[in-house]
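Given next are the chains, with one letter for each unit.
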Amino acid sequence: MPSLDDLVRGMQVVAVVCNQWGDTGKGKFSDYFAMQWADVIARGTGGNNAGHTTVINGKKRIFHLIPAGIVYDKDGKVNVLGNGMVIDLKVLCSELDELDSEGMTYNNLMVSEDAQVILPFQIDRDKKKNQPLKNKGIGSTGRGIGPCYSDKTSRKGIFIRDLYDEDTLRAKLETLTEELYPGFEVNMEEVMADLKPFADRIKPFVRDTIAEMHRFYREGKKILLEGAQGLVLSIEFGTVPYATSSDCSLNGTASGVGLSAKLVDLPLGIVKFPYKTRVGNGPFPSEYGGLASEEYCAAGLEHDMFYEVKEYLGMDLNLSEIRAFQKAKDTLALAVHERKVVEYIKANREKVVELINSDDPFIRGVGIRIAGAEYGATTKRPRRTGMTDLVALKRAMLHNGPNIVLTKPDVFRGAKEFELVDGYELDGRDIEFTRDCSKLRRVQVRTRRFAGFDDDLASLTDYRDAPSGIKEAIDYIEEFTGGRVRIMSTGAEQSETIIIK
Ligand code: IMP
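On a predicted model such as this, the values are computed, not experimentally measured, just so you know.

Engineer: Report on the overall build of the protein chain, specifying residues and quantitative values.
Structural biologist: A count of helices and strands for the protein chain gives 18 helices and 19 strands. By the compact-globule yardstick of 23 Å for 501 residues, the protein chain fits well, its C-alpha radius of gyration being 22 Å. Referenced to the eigenvectors of the C-alpha coordinate spread, the extents of the protein chain come out at roughly 65 × 55 × 50 Å. Relative to its 501 residues, the protein chain shows a buried fraction of 59%.

Engineer: Explain the packing of helix 14 (residues 349-356) against helix 15 (residues 361-371) to me, using residue names and the numbers behind them.
Structural biologist: Put simply, helix 14 and helix 15 touch, their axes get as near as 7 Å, and they point 140° apart. Classified by the angle their axes make, helix 14 and helix 15 are oblique. Considering only the axes of helix 14 and helix 15, their crossing is left-handed. Together, R349, V352, L355 and I356 of helix 14 and I363, R364, G367, I368, I370 and A371 of helix 15 make up the contact between the two elements. Broken down by class, the residue content of the contact of helix 14 with helix 15 amounts to seven nonpolar, one polar and two charged.

Engineer: Tell me about the environment of L65, and please be specific about residues and values.
Structural biologist: Along the chain, L65 falls in the loop between strand 4 (59-63) and strand 5 (78-81). On the basis of relative accessibility, which here comes to 0%, the residue L65 falls in the buried class. Along the primary structure L65 and E302 are separated by 237 residues, whereas in three dimensions their C-alpha atoms are 27 Å apart. Residues in contact with L65, not counting those within four places in the same chain, are R43, G47, N48, L81, M85, V86, I87, D88, V91, L92 and E95.

Engineer: How would you explain unusual backbone geometry if you had to name every residue and give the values?
Structural biologist: The residue after V240, namely P241, is reached through a cis peptide bond having omega 10°. Structurally, P241 can be placed in the loop between strand 10 (223-226) and helix 9 (250-255). Note that the residue after F273, namely P274, is joined by a cis bond; omega there is 5°. Among the secondary structure elements, P274 is positioned in the loop between strand 11 (266-272) and strand 12 (275-278). Unlike most non-glycine residues, K329 shows phi in positive territory, near 50°. Checked against the element boundaries, K329 lands in the loop between helix 12 (319-327) and helix 13 (331-347).

Engineer: Explain the nonpolar core to me, using residue names and the numbers behind them.
Structural biologist: Among the nonpolar cores identified, the biggest contains 67 residues, and L406, F412 and I477 are the most heavily contacted of them. Counting contributing residues, this core receives three or more from each of domain 2 (287-385) and domain 3 (387-499). Aside from chain neighbours lying at most four places away, what touches I477 is F273, L390, L393, I404, L406, L420, G482 and V485. With 57 residues, the next largest nonpolar core counts A38, I160, L163 and L169 among its residues.

Engineer: Give me the lowdown on the pairing of strand 11, citing residues and values where you can.
Structural biologist: The buried fraction of strand 11 is high, at seven of seven residues. Neither face of strand 11 is exposed, since L266, L268, I270 and K272 on one face and P267, G269 and V271 on the opposite face are all buried. Across five bridges, the pairing between strand 1 (residues 13-18) and strand 11 is parallel. Looking at the pairing, V14 lines up with L266 of strand 11. Relative to strand 14 (residues 403-407), strand 11 runs parallel, the two sharing four bridges. In the strand pairing of strand 14, V271 is matched with L406.

Engineer: Break down the layout of surface pockets for me, with residues and values.
Structural biologist: Volume-wise, the second largest pocket comes out at about 320 Å³. Forming the boundary of the second largest pocket are 22 residues, of which F284, P285, S286, E287 and G290 lie nearest the centre. The element contributing the most residues to the lining of the second largest pocket is strand 17 (residues 444-451), with four residues. By residue class, the composition of the lining of the second largest pocket is 10 nonpolar, five polar and seven charged. Each of domain 2 (287-385) and domain 3 (387-499) accounts for three or more of the residues forming the lining of the second largest pocket.

Engineer: I'd like a rundown of the site of the ligand, residues and numbers included.
Structural biologist: Lining the immediate environment of the ligand, one finds 15 residues, of which D23, N49, T141, Q229 and T244 sit closest. For the ligand, a nitrogen atom lies 3.1 Å from a polar atom in the side chain of Q229. Here an oxygen atom of the ligand sits 2.6 Å away from a polar atom, N or O, in the side chain of T244. Among the residues forming the shell around the ligand, the class breakdown is six nonpolar, seven polar and two charged.

Engineer: Go over the state of the cysteines with me, naming the residues and quoting the values.
Structural biologist: If you walk through the whole model with that rule in mind, you get zero disulfides. Here C18 stays free of any disulfide, with the sulfur of C248 as its closest cysteine sulfur at 8.0 Å. On the basis of relative accessible area, C18 is assigned to the buried category, the value being 1%. Of all cysteine sulfurs in the structure, the one in C148 sits closest to C93, which takes part in no disulfide; the separation is 16 Å.

Engineer: I'd like to hear about the pattern of salt bridges, residue by residue, with values.
Structural biologist: All told, the structure shown has 32 salt bridges when counted by the stated rule. K172 is the partner of D162 in a salt bridge, and the nearest nitrogen-oxygen pair spans 2.7 Å. With D162 in the loop between helix 5 (145-153) and helix 6 (166-180) and K172 in helix 6, this residue pair connects regions lying 10 residues apart in the sequence. Classification of K172 as partly exposed rests on a relative accessible area of 22%. One salt bridge connects E417 with R449, and the closest N-O pair in it is separated by 2.4 Å. Of this pair, E417 sits in strand 15 (residues 417-426) while R449 is found in strand 17, placing the two residues 32 residues apart along the sequence. E417 sits in the partly exposed class, given a relative accessible area of 38%. On the basis of relative accessible area, R449 is assigned to the exposed category, the value being 54%. Each of D23, K272, E374, R383 and K408 takes part in one network of salt bridges that share partners.

Quick notes on the rules
The numbers attached to residues start from 1 for each chain and follow its sequence in the written order. Residues qualify for local features only when their pLDDT is at least 70, as the model is predicted, and side-chain atom pairs are given and counted only at 80 or more; totals for whole chains, interfaces and linings, by contrast, use all residues. Water and hydrogen atoms play no part in the side-chain values, which are based on all heavy atoms of the structure. In this description a helix means any DSSP run of H or I spanning at least four residues, a strand means any run of E spanning at least two, and both kinds are numbered starting from the N terminus. Restricting the calculation to C-alpha atoms gives the radius of gyration, and the globule rule supplies 2.2 Å times the number of residues raised to the power 0.38. Buried, partly exposed and exposed residues are distinguished by accessible area as a fraction of the type maximum, computed with a 1.4 Å probe on protein chains only: under 20%, between the cut-offs, and over 50%, respectively. Axis lines are fitted to C-alpha atoms, over the contacting stretch for helices. Their N-to-C directions set the angle, which ranges from 0 to 180 degrees. When describing relative orientation, an angle under 35 degrees is termed roughly parallel and one over 145 degrees roughly antiparallel, while 65 to 115 degrees is termed roughly perpendicular and anything else oblique. In this scheme the crossing of two helices becomes right-handed for a clockwise turn of the near helix relative to the far one and left-handed for an anticlockwise turn of less than a right angle. Contacts between residues were defined by any pair of non-hydrogen atoms, one from each residue, lying within 4.5 Å. Only Asp, Glu, Lys and Arg are considered charged in this grouping, and only Ala, Val, Leu, Ile, Met, Phe, Trp, Tyr, Cys and Pro are considered nonpolar; every other residue, Gly among them, is considered polar. Only buried residues count toward a nonpolar core, which is a set of Ala, Val, Leu, Ile, Met, Phe, Trp, Tyr and Cys residues joined through side-chain atoms within 4.5 Å. Residue ranges for the domains originate in an automatic or database domain assignment. Note: two strands are recorded as paired if DSSP finds a minimum of 2 bridges between them. Using protein atoms alone on a 1 Å grid, points that fit a 1.4 Å probe yet trap it form a cavity, whereas open point sets bounded by protein on both sides within 12 Å along at least five of seven lines form a pocket; residues with an atom within 4 Å of a point count as lining. Grid points are joined across faces, edges and corners, and a volume is the space filled by probe spheres set on the points. Whether a residue is near a molecule or strand is decided by its heavy atoms; if any one of them lies within 4 Å of it, the residue is near. Counted as a polar contact is a pair of N or O atoms within 3.5 Å, where, for protein atoms, one must be capable of donating a hydrogen and the other of accepting one, and residues adjacent in sequence contribute only when both atoms are in side chains. When two cysteine sulfur atoms lie within 2.5 Å, the pair is treated as a disulfide. By definition, a salt bridge exists where a carboxyl oxygen of Asp or Glu is found within 4 Å of a side-chain nitrogen of Lys or Arg.

Here's what the structure looks like:
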């Protein structure tokens, strides 16, 4: 079978982007390339709305801002937060604290002087206007991302570099709040005083990263672009208004670090398979359980992992105690419970498989959510689950290129069969993917069935030994989309990765 060396021979820039609605496992692949290949790891879009989960030697880490490659800082690898990002300084500093507490270095971290700063009143506005799911808000992550990007486009936002010139910062903050936040009570001196210690802390890392990225490129450094969110959430190509506020396509990711997408030798589009997920409201044609699932997941933490494991797997859990820990943000107590729940799910795999094989699509969706631990890395909300949708994938590949990485097929171990969406029908007519949400909501999907499998995919080392249903599905994905499935991930660990071609 081919190796990673075969795949990337002679290449200088690789991009890991997502072809769905995010949460496909970019973190694992960003880490995979950072460890085995890249000299520079750069992120270009979004902020702490993302949550990149990596598992290294059994240790799970979730970064919201810093690229996953930071764990290789000691090897001289450079990690860049690019010009296209929106940065909450407090969150950035708390990630640095976490690295400190683990004795990890971040000497080669670079933060773009051109990135935007997320401000407290932007977070307030996001929480009030965009976050609430129950009244049909878009269900943003409430991190201030939307307001920060919209203030940037209004040319009133605060750049990282503004933090180091007190007069400019004060004047810009005054204009921003007077013109765009009337009615918000903003104590300017307090905002500035709160920003100061964080700004001082990150100062050694602030650079003109656009110039640095071009220098790295000229010097022949191997560069990994780490995408955030997913194509269908892109402000340019996604299901707006149910989308994020940055362009998280390949183009947006490249321009968010100051490079042209033309320089990318290998764009890899990550695709969860044979299911996918969506967080927040918005159309999702292949959703298991349709509207009922959308509304159930909109209840957020009420239907989180703890609730589902108690309700659907019968685990004896004291939910009111857990809710109290959540309210008190007692992360230590929650982590203990989370570990117990994860063990319980593992030990009760048969019950989970029963859910996945249910005739009721809503229940099937719950089973997949539990099996795939599909709860927000950032928000812990239950993610909506549905079938991998080749119609939407084909559209995403117009933007992100023909190369596919499949992740999480292992979640379906024990499933009698699985389905992929290969057609949309609207009012009795076949249609292609559309960004028109009112149409997308009414689409009926056509599916193709494939045989399930009982094999433990994690022990698979050669693609030729993969279950026949998976191989047939992969052939079909290639035929339908015209793309190439390059890699299949069979588990969370880096070693659980198969290069196909
Ligand atoms: P925002 O990015 O916080 O403004 O949220 C806008 C929409 O994008 C909401 O539906 C979010 O759930 C979704 N979203 C933002 N970041 C992510 C992500 O990392 N994974 C999945 N969905 C996301």
